[in-house]
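Here is how the chains run, residue by residue.
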Amino acid sequence: MAISTTPVRRKYSRKATNIVQGALVIDMLAPLKIDFNPEAFSLPLSEADADLFRSCGITAFHNSVGVGTYDEALQFIAAWSGFAGRNSEVFSLVGRVEDIDRAKAKRKTAVVMGLQNADQFRTPSDVKDFYDLGLRCAQLTYNTQNLIGSGSTERVDGGVTDYGIKIIEAMNDAGMLIDVSHSGDRTTLDAIEISPRPIAITHSNCRALNNHPRLKTDEAIKRLAAKGGVMGITGVRNFVKDKEPTTIEDIVDHIDHVVKLVGIEHVGIGSDSDLMGYDHMPKDQYEKLKAAYKASYSFRSRIDTDGFDHPQKVYDLTEALLRRGYGEANIQAVLGGNFRRLLGATWKEPKRTPPPSEKKPEEKKS
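Residues numbered from 1 in each chain as written. Predicted model: local features only at pLDDT ≥ 70, side-chain atom pairs only at ≥ 80, totals over all residues. Heavy atoms only, no water.

Draft legend 1. Quick peek at the overall build of the protein. For the protein, the helix and strand inventory stands at 13 helices and 9 strands. When burial is assessed residue by residue, the protein has 56% of its 366 residues classed as buried. Sequence separation of 24 or more characterises 75% of the internal contacts of the protein that already satisfy a separation of 6 or more. When the accessible surface of the protein is totalled, it reaches about 16,000 Å², and 52% of it is carbon and sulfur. Here the protein holds 49 positive side-chain charges and 49 negative ones, and the gap between their average locations is 3 Å. (Helix = DSSP H or I, 4+ residues; strand = E, 2+ residues; numbered from the N terminus. Buried < 20%, exposed > 50% of the residue type's maximum accessible area, 1.4 Å probe, protein only. Contact = heavy atoms within 4.5 Å. Areas by Shrake-Rupley, 256 points an atom, 1.4 Å probe, with all protein chains shown as cover. Lys, Arg positive; Asp, Glu negative; His and termini not counted. Charge placed at Lys NZ, Arg CZ, Asp CG, Glu CD.)

Now the structure itself:
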């Protein structure tokens, strides 16, 4: 699995370096590799690529993609769990939130398995089955309508359906984190209201700063925070700003907006990118990716944001937050502390289903 043959080494201030290296950094949307090669997971991890993961500063990757069917979901979980297992000198699969802490202590990369859709839940009972397989987070919808609710690029958003209520109940019961990053406005608000537990917007930005249908309204952000949820800010260029230049400072504007709106406790990062970024992809895959979305996505010539487009981007983000006057404790909360708290409050130990009890033969009546 080739990511890069030339690792980039950049110089950062001692303060930024110490903050990142001391923090639990959780990127709540970070595929291990964005590659349309169907066998990408089977390719060996080179030592250069392993070094990129070791030096990037990110403790945990929420490895999540937008699959469409039950079978595709099973294949994704099996494929990338196997990839992490075969490269256990670098990666550590996550089942409990303490596994992220353990990975940090052992200087490994924690891998949280997720899916950016819920079409894999054919019935509510499928939720527990997927949780037992290692799925720890699922979006209710991708960009389009499904049986649960409406996506952000649908013309009409009817909100969470009756079936969607059952899926939300099943996700809460299993302990799976609910994500509404790609959901429409009504579906997002419904999910926050229906779920008794806090949920997440793992990777989106603020529509108040950029009028894009995939971004979240102030109302949604306020209601999310009121229930204890966390919103991850993404570095996708067209989600950050609608004109040039688009830089890492504009990403910090979105963090600032959430902080001023609801407080530092409810914002994190969800880059929506692998280590190298989208603009590093082969040209044919790059064009295929852009063509898969509606015109309302408004892709421009580049997808990555300047300064947040390389393996050590969390160091650049930390430097930018320091320039804005954020203190060490607040930066650590943004980098991962807030999502760590949410995951700890959401995930549960898998329930053990007892074997069916053997029925005793009835005694014969005299």
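From this point, the discussion proceeds with the structure in view.
Draft legend 2. How the structure looks around the packing of helix 5 (residues 125–133) against helix 6 (residues 162–174). Two elements in contact, helix 5 and helix 6, have axes separated by 8 Å at closest approach and are oriented at 35°. The interaxial crossing formed by helix 5 with helix 6 has right-handed handedness. Residue-level contacts link Val127, Lys128 and Tyr131 of helix 5 to Ile167, Ala170, Met171 and Ala174 of helix 6. Within the contact of helix 5 with helix 6, the residues separate by chemical class into 6 nonpolar, no polar and 1 charged. (Axes fitted to C-alpha atoms, helices over the stretch in contact; angles between N-to-C directions. Left-handed = near helix turned anticlockwise from the far one by under 90°. Nonpolar A, V, L, I, M, F, W, Y, C, P; charged D, E, K, R; others polar.)

Draft legend 3. Quick look at the nonpolar core. Phe91, Ile100, Phe121, Met171, Met176, Ile255 and Leu317 are the most contacted members of the largest nonpolar core, which totals 97 residues. For methionine 171, the contacting residues outside a window of four places in its chain are Phe121, Val127, Ala138, Leu140, Met176, Leu177 and Ile178. In terms of nonpolar packing, the next biggest core, distinct from the first, is built from 10 residues, Ile34, Leu215, Val236 and Leu289 among them. (Core = buried A, V, L, I, M, F, W, Y, C linked by side-chain atoms within 4.5 Å.)

Draft legend 4. Fine view of the pairing of strand 2 (residues 60–65). Burial of strand 2 is extensive: 5 of the 6 residues sit out of reach of the surface. One ladder, built from 2 bridges, connects strand 1 (residues 26–27) with strand 2; its direction is parallel. Paired with isoleucine 26 across the bridge in strand 2 is alanine 60. Regarding the hand of the β-α-β motif, the stretch spanning strand 1, helix 2 (residues 47–55) and strand 2 is right-handed. Pairing of strand 2 with strand 4 (residues 109–115) involves 6 bridges; the strand directions are parallel. Bridging from a neighbouring strand, alanine 60 pairs with alanine 110 of strand 4. (Pairing = 2+ DSSP bridges. Right-handed = clockwise from strand over helix to strand, strands pointing away.)

Draft legend 5. Just the layout of surface pockets, in detail. Considering only enclosed or pocket space, the largest pocket measures out at about 1,200 Å³ in volume. Lining the largest pocket are 41 residues, with Asp35, Phe36, Val65, Gly66 and Val67 sitting closest to its centre. Taken together, the elements giving at least two residues each to the lining of the largest pocket come down to strand 2, helix 3 (70–86) and helix 11 (283–291). The element contributing the most residues to the lining of the largest pocket is helix 3, with 5 residues. Of the residues belonging to the lining of the largest pocket, the class tally is 23 nonpolar, 11 polar and 7 charged. Taken as a whole, the second largest pocket holds about 430 Å³ of empty space. Forming the walls of the second largest pocket are 18 residues, and the residues nearest its centre are Gln21, Arg54, Gly57, Lys104 and Tyr315. Among the secondary structure elements, those contributing two or more residues to the lining of the second largest pocket are helix 1 (14–22), helix 2 and helix 4 (97–105). Considering only residue class, the lining of the second largest pocket consists of 6 nonpolar, 7 polar and 5 charged. (1 Å grid on protein atoms, 1.4 Å probe; cavity = no way out; pocket = protein on both sides within 12 Å on 5 of 7 lines; lining within 4 Å. Points joined across faces, edges and corners; volume = space filled by probe spheres on them.)

Draft legend 6. Structural context of the pattern of salt bridges. Scanning the entire structure with this criterion turns up 22 salt bridges. Here aspartate 101 and arginine 340 are joined by a salt bridge, their closest N and O atoms 2.5 Å apart. Of the two residues, aspartate 101 is situated in helix 4 and arginine 340 in helix 13 (residues 328–346); the sequence distance between them amounts to 239 residues. Overall, arginine 340 belongs to the partly exposed group, its relative accessible area being 24%. Among the charged side chains, a salt-bridge network with shared partners connects Arg237, Glu244, Asp279, Arg300, Arg302, Asp306 and Asp309. (Salt bridge = Lys/Arg side-chain N within 4 Å of Asp/Glu carboxyl O.)

Draft legend 7. View of helix 7 (residues 185–194). Among all positions in helix 7, only Thr187, Thr188, Leu189, Asp190, Ala191 and Ile192 are buried. Contacts from the buried residues of helix 7 go to helix 6 and helix 8 (218–226).

Draft legend 8. Structural view of the side chain of threonine 234. Mapped onto the fold, threonine 234 is located in the loop between strand 8 (230–233) and helix 9 (237–240). A polar contact of 3.0 Å, which involves the side chain of threonine 234, links it to the backbone oxygen of serine 271. Leave out the neighbours within four places in its chain, and threonine 234 touches His203, Ser204, Asn205, Phe239, Val240, Ile251, Gly270, Ser271 and Asp272. (Polar contact = N/O pair within 3.5 Å; in protein donor to acceptor, adjacent residues only side chain to side chain.)

Purely geometric numbers; function is a separate question.
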